[in-house]
Amino acid sequence: GGQELGERLGLGQGPGEGRSWGCAWIWGQGPGEGLEALEAGRGRGRPWRWAGAGGRGSACGPQDDPRGGHSLLLSPQVLCDFPHTAAAIPPDYLLDLVPLIRPRAFSIASSLRAHPSRLQILVAVVQYQTRLREPRRGLCSSWLASLDPAQGPVRVPLWVRSGGLTFPKTPDVPVIMVGPGTGVAPFRAAIQERVAQGETGNVLFFGCRRQDQDFYWEAEWKQLQARGCLTLVTAFSRDQEQKVYVQHRLRAFGPLVWELLEGRGAHFYLAGNAKYMPADVSNTLLSIFREEGGLSSPDAAAYLAQLQRTLRFQTETWA
Ligand SMILES: Cc1cc2nc3c(=O)[nH]c(=O)nc-3n(C[C@H](O)[C@H](O)[C@H](O)COP(=O)(O)OP(=O)(O)OC[C@H]3O[C@@H](n4cnc5c(N)ncnc54)[C@H](O)[C@@H]3O)c2cc1C
Ligand SMILES: NC(=O)c1ccc[n+]([C@@H]2O[C@H](COP(=O)([O-])OP(=O)(O)OC[C@H]3O[C@@H](n4cnc5c(N)ncnc54)[C@H](OP(=O)(O)O)[C@@H]3O)[C@@H](O)[C@H]2O)c1
């Protein structure tokens, strides 16, 4: 499999897993090392193999490979970082190495009751630096941000499917929502929907970097608070030396959280993209059950499990 590619790049014999969609792995010491060696002409004889199935896109990374190999090519951006290697690749392999573009999901952030015939989303433009030359930009979020309807009609291919979070149908059941960053998107839709139906028991924990940066829909929240339809608790992580996250604010509001869950049968929701946030928030809930509810550790864990089973604790998180 892929022998022609291996020969053209001066690689050693691959284990021959068969040519398939995806990318090739080259064993290296650290991220990009295999690629850099190839680019510098030091790659001769390196073991390698084809890996990955069916356009896994950016999910294709070193973490997928227990032996620590590194993907040969992920995207046209990488091709530009390694022009010599890229030039050696036979054209009919190029399409195999560039993954299929996969669809991206965005939470619907508006309710048709508040915005008839409109569908609003909240998109954070993903940008990060690796040790490769060019700064990386998220494909779909950057593309969406680049669209300018003022310059002419834009076409966004999309489809809509039901969301994963379900909210209580019974009136007067309060909801507690924890949504830092773009995690607040599904809760804006839910709050609009609930307020339109006269449900005022809405508690939202929102976190972002600074009060004057990324405080999405600040004016709308303040208006809802003034109308008595929302309790908003904020965590601005970078406005002081010590990080303040949603779970720290949740802990400070422990007595209210326990009273709403135990006394009023509240539902609890969690959404967002922070890597450690979901586990951190769950642990904070456990500590509230212990300290405010007086439960033992096993009973607190059982309480959380029961909330999950009865759909009174639901999450929608992404990497
Ligand atoms: C159910 C669901 C709901 C979602 N809702 C929303 C939403 O409401 N709003 C929203 O903005 N997004 C949401 N997302 C995430 C969204 O689908 C995309 O994943 C996100 O916009 C990035 O896509 P992209 O094409 O811009 O980036 P891509 O080109 O796919 O790049 C993202 C990838 O880059 C890599 N990466 C990112 N940052 C770093 C870093 N610092 N260091 C190294 N590698 C990194 C990771 O591999 C990451 O998977 C949701 C996802 C799901 C599954
Ligand atoms: N101005 C910018 O360049 C900018 C702004 C927003 C988002 N983005 C990018 O957009 C993407 C998604 O952004 P987002 O708005 O959804 O999220 P985000 O801005 O990355 O995070 C939202 C909030 O969650 C905090 N957080 C981090 N770890 C946490 C944890 N373990 N528990 C609880 N909270 C935690 C963040 O704090 P800390 O980050 O302070 O730790 C921040 O205050 C990211 O790739 C981000 O880099 C860029």
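Residues numbered from 1 in each chain as written. Chains lettered and ligands numbered in written order. Predicted model: local features only at pLDDT ≥ 70, side-chain atom pairs only at ≥ 80, totals over all residues. Heavy atoms only, no water.

- In the annotation of an unreviewed UniProt entry, the entry for the protein chain reads FAD-binding FR-type domain-containing protein, and the organism field reads Muntiacus muntjak.

**A look at the packing of aromatic side chains**
1) Next: Considering all chains together, one arrives at ten aromatic pairs under this definition.
2) Next: Each ring, one from F206 and one from F215, has its centre 5.6 Å from the other, and the planes form 10°; the classification is stacked. The pair F206 / F215 is uniform in exposure class, with both members buried.
3) Next: Aromatic pair W258 and Y303: ring centres 5.1 Å apart, planes at 40°, arrangement tilted. With a gap of 45 residues between them, W258 in helix α10 (residues 254-264) and Y303 in helix α12 (residues 297-309) connect regions that are remote in the sequence.
4) Next: W258 sits in the buried class, given a relative accessible area of 14%.
5) Next: A residue is classified by how much of its surface remains accessible, and Y303, at 17% relative accessible area, is buried.
6) Next: Ring pairs connect the aromatic residues F206, F215, Y216 and F236, which therefore count as one cluster. (Phe/Tyr/Trp six-rings, centres within 6.5 Å; stacked < 30°, edge-to-face > 60°. Buried < 20%, exposed > 50% of the residue type's maximum accessible area, 1.4 Å probe, protein only. Helix = DSSP H or I, 4+ residues; strand = E, 2+ residues; numbered from the N terminus.)

**A short note on the site of ligand 1**
1) Next: Near ligand 1 there are 18 residues, and of these R104, A105, L122, C140 and S141 occur at the shortest range.
2) Next: With respect to ligand 1, the backbone of A124 contributes an N or O atom lying 3.1 Å from an oxygen atom.
3) Next: L139 is positioned such that a nitrogen or oxygen atom in its backbone is 2.8 Å from an oxygen atom of ligand 1.
4) Next: Protein contacts shield 69% of the accessible area of ligand 1, which totals 990 Å² for the unbound molecule. (Near = heavy atom within 4 Å. Polar contact = N/O pair within 3.5 Å; in protein donor to acceptor, adjacent residues only side chain to side chain. Areas by Shrake-Rupley, 256 points an atom, 1.4 Å probe, with all protein chains shown as cover.)

**Thoughts on the nonpolar core**
1) Next: Core analysis: the biggest nonpolar cluster contains 26 residues, and I176, F205, L250, L261, F268, L285 and F289 have the highest contact counts within it.
2) Next: If you list the elements that add at least two residues to this core, you get β6 (175-178), β7 (202-208), β8 (231-236), α9 (246-252), α10, β9 (267-272), α11 (277-291) and α12.
3) Next: Among the elements that make up this core, the one with the highest residue count is α11 (six residues).
4) Next: Other than its neighbours up to four places away in sequence, L285 contacts L250, V257, L261, F268, L304 and F313.
5) Next: Counting residues in hydrophobic clusters, the runner-up holds 24 residues, among them L122, A185, L232 and Y269. (Core = buried A, V, L, I, M, F, W, Y, C linked by side-chain atoms within 4.5 Å. Contact = heavy atoms within 4.5 Å.)

**Here's the deal with α10**
1) Next: Looking only at α10, the buried set comprises G254, V257, W258, L260 and L261. Buried residues of α10, viewed axially, fall in a sector of 165°; they line one side.
2) Next: Elements in contact with the buried residues of α10: β6, β7, α9, β9, α11 and α12.
3) Next: Among the residues trailing α10, G265 stands out with phi positive, at a value near 65°. (Arc of directions from axis to C-beta.)

**Some details on the site of ligand 2**
1) Next: Close to ligand 2 lie 21 residues, the nearest being T182, S237, R238, K243 and Y245.
2) Next: At a separation of 3.3 Å, a nitrogen atom of ligand 2 approaches a polar side-chain atom of Q213.
3) Next: Bound to the protein, ligand 2 loses 76% of the 870 Å² it would expose on its own.
4) Next: Contributions of two or more residues to the shell around ligand 2 are made by β7 and α11.

**Examining the sheet that holds strand β10 (residues 313-317)**
1) Next: Pairing is parallel in the open sheet, where five strands are placed in the order β8-β7-β6-β9-β10. Both edges of this open sheet fall to β8 and β10, since each of them pairs with a single strand only. Averaged over all neighbouring strand pairs, the angle between strand axes comes to 10°, with direction disregarded.
2) Next: Of the pairings in the sheet, the one linking β6 to β9 comprises four bridges and is parallel in character. Within β9, the position partnered with I176 by the bridge is F268. (Pairing = 2+ DSSP bridges. Axes fitted to C-alpha atoms, helices over the stretch in contact; angles between N-to-C directions.)

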